[in-house]
Amino acid sequence: AQSVTQPDIHITVSEGASLELRCNYSYGATPYLFWYVQSPGQGLQLLLKYFSGDTLVQGIKGFEAEFKRSQSSFNLRKPSVHWSDAAEYFCAGYNNNDMRFGAGTRLTVKP
Amino acid sequence: DVKVTQSSRYLVKRTGEKVFLECVQDMDHENMFWYRQDPGLGLRLIYFSYDVKMKEKGDIPEGYSVSREKKERFSLILESASTNQTSMYLCASRIGVGIWYGYTFGSGTRLTVV
């Protein structure tokens, strides 16, 4: 079955520190991959996506993600976290008209 | 700016009530989706619709039904609400068969069944 796994339920980082959120996928073929962010009380906002080509993709709010086929991963990164980045982050994979979401990683930012 | 609007942010309903959750999009999107979001489980697909009057079951359709009489509106119906349906409900839409823009989500409806 197609699935997306986010191994970390909750991550805490200090403001200004770097961030990496992990995402692994299990699909028969490479899916299209997405990262969404959900601020408290809000819906999901698209941060970035990977379809093909350059494996390092840039998104909004200073985020980037790297696709690694050999590791079936699509990890989200940010070099310096801001307090406003505190939110829940969802990785998603799309293939054959089916979108699957990971369980989410909640990010807490310490002052 | 394109929008998916969910009519209620918070709802409190009693067990056994019939509950309607409404979603409207202004982007002329063909595809609309209802998800349920629970801690540790992520988003699970309840129902989706490819076009007016069309509907397909998702992964967890039990206890739910949907209605799509107009292209812009997709309603989720809880025929007889139960406490295990207390959750955050998210509506989303997508243009045609294209996935380039991903899904556009509403702000969610947090439903509490007491």
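Please refer to the structure placed before this passage.
Residues numbered from 1 in each chain as written. Chains lettered and ligands numbered in written order. Predicted model: local features only at pLDDT ≥ 70, side-chain atom pairs only at ≥ 80, totals over all residues. Heavy atoms only, no water.

Asker: I'd like a description of the side chain of A:Lys78, backed by residues and values.
Answerer: All names here are of chain A. Within the element layout of this structure, Lys78 appears in strand E9 (residues 73–78). On the accessibility criterion, Lys78 (11% relative accessible area) is buried. Within polar-contact distance, the side chain of Lys78 engages the backbone oxygen of Lys61 at 2.9 Å. There is a polar contact of 2.8 Å between the side chain of Lys78 and the side chain of Asp85. Ignoring any residue separated from it by four or fewer positions in sequence, one finds Lys78 in contact with Ala17, Ser18, Leu19, Lys61, Gly62, Phe63 and Asp85. (Helix = DSSP H or I, 4+ residues; strand = E, 2+ residues; numbered from the N terminus. Buried < 20%, exposed > 50% of the residue type's maximum accessible area, 1.4 Å probe, protein only. Polar contact = N/O pair within 3.5 Å; in protein donor to acceptor, adjacent residues only side chain to side chain. Contact = heavy atoms within 4.5 Å.)

Asker: If you had to explain the pairing of strand E12 (residues 105–110) of chain A to someone new, which residues and values would you point to?
Answerer: Residues and elements named next belong to chain A. Side-chain alternation along E12 places Thr105, Leu107 and Val109 on a buried face and Arg106, Thr108 and Lys110 on a face that remains uncovered. Inspection of the sheet shows strand E2 (residues 10–14) paired to E12 by five bridges, in the parallel sense. Opposite Ser14, over in E12, you have Lys110 as the bridge partner. Pairing analysis gives three bridges linking strand E10 (residues 87–95) to E12, with the strands arranged antiparallel. Among the inter-strand pairings, Ala87 is bridged to a residue of E12, identified as Leu107. (Pairing = 2+ DSSP bridges.)

Asker: Talk me through the interface of chain B and chain A; I want residue IDs and the actual numbers.
Answerer: At the junction of the two partners, chain B supplies 20 residues and chain A supplies 20 residues. Carbon and sulfur atoms supply 53% of the area buried between chain B and chain A, which totals about 1,700 Å² over both sides. Remark: the boundary between chain B and chain A carries one salt bridge. Residues B:Asp59 and A:Arg100 are paired through a salt bridge, measuring 2.8 Å at the closest nitrogen-oxygen approach. Linking chain B with chain A are seven residue pairs in polar contact (both at pLDDT 80 or more). Its residues assigned to classes, the side of chain B that touches chain A shows eleven nonpolar, six polar and three charged. (Buried area = accessible area lost by both parts, 1.4 Å probe. Salt bridge = Lys/Arg side-chain N within 4 Å of Asp/Glu carboxyl O. Nonpolar A, V, L, I, M, F, W, Y, C, P; charged D, E, K, R; others polar.)

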